Amino acid sequence: MLTNINFGKYYERDSVVHKLSPVFKIISLLIMIVSIFFIDSYKDIIMLTSYLILMMIYSDINILTYLRNIYSIKIFLVFILIIDLIFNTNNTIYDLYKLIFIIIYSSALTYTTSTSEITYGIERKLRPFNNYIPVNDIAMIITLTIRYIPTLTMEADRIIKAQKMRGINFDN
């Protein structure tokens, strides 16, 4: 039931993207998320989409794995589509694209970077703020949050299956 949520899982491969520095991957994610908000033409969408497709190909992870994350948020995408249509915004396609792009790109970070590498990358980028905030604690909290998303979904799935065995109907 909830097994189609793959966000936060690490797939160990020997790909070009896996070999990149975790600091580079985190900076790349931040740059892409910021740049996605400045999209104003279809040329920009084509450019970012081609970059995203190349990254998915070079990560050596099945593209269906990435697409399952989009399928798992289909209700949220439909909700955004309805809200955009109700308020008559002209950016409906852009809004949906932005959300899908962020989901896929952040999934690529977690698929190709282990939790210890993510912690290391966050600590390296936040090191200048070490005198003001507890950088190690913040990096560990972010990493553990990302790491335990698959565990929580597996546990929720197990609970739902146990409740179904007891006769509760979750299908309606």
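All values reported here derive from a predicted model rather than from experimental measurement.

Over its 15 residues, helix α2 (residues 22-36) extends 21 Å from the first C-alpha to the last, a length consistent with the 21 Å expected when each residue adds 1.5 Å. P22, V23, K25, I26, S28, L29, M32 and I36 are the residues of α2 that are buried. Looking at the buried side of α2, the elements it contacts are α1 (16-19), α3 (42-58), α6 (92-112) and α7 (115-126). Its side-chain oxygen at 3.2 Å from the backbone nitrogen of V23, S21 defines the N-terminal cap of α2.

Once that is clear, we can look at unusual backbone geometry. A negative phi holds for most residues other than glycine; trans holds for most peptide bonds. One non-glycine residue, D60, lies in the positive phi region at around 60°. The exposure class assigned to D60 is partly exposed, which follows from its relative accessible area of 46%.

Moving on, we come to the nonpolar core. Within the largest apolar cluster, 31 residues are counted, with the highest numbers of intra-cluster contacts made by I39, L48, M55, Y66, Y97, F101 and Y105. Mapped by element, the contributors of at least two residues to this core are α2, α3, α4 (63-72), α5 (74-86), α6 and α7. Of the residues forming this core, the biggest block, 10 residues, is contributed by α6. Beyond its immediate chain neighbours, meaning those up to four positions away, L48 contacts M32, S35, I36, I39, Y97 and F101.

What counts, and where the lines are drawn
Residues numbered from 1 in each chain as written. Predicted model: local features only at pLDDT ≥ 70, side-chain atom pairs only at ≥ 80, totals over all residues. Heavy atoms only, no water. Helix = DSSP H or I, 4+ residues; strand = E, 2+ residues; numbered from the N terminus. Expected span 1.5 Å × (residues − 1). Buried < 20%, exposed > 50% of the residue type's maximum accessible area, 1.4 Å probe, protein only. Contact = heavy atoms within 4.5 Å. Polar contact = N/O pair within 3.5 Å; in protein donor to acceptor, adjacent residues only side chain to side chain. Core = buried A, V, L, I, M, F, W, Y, C linked by side-chain atoms within 4.5 Å.

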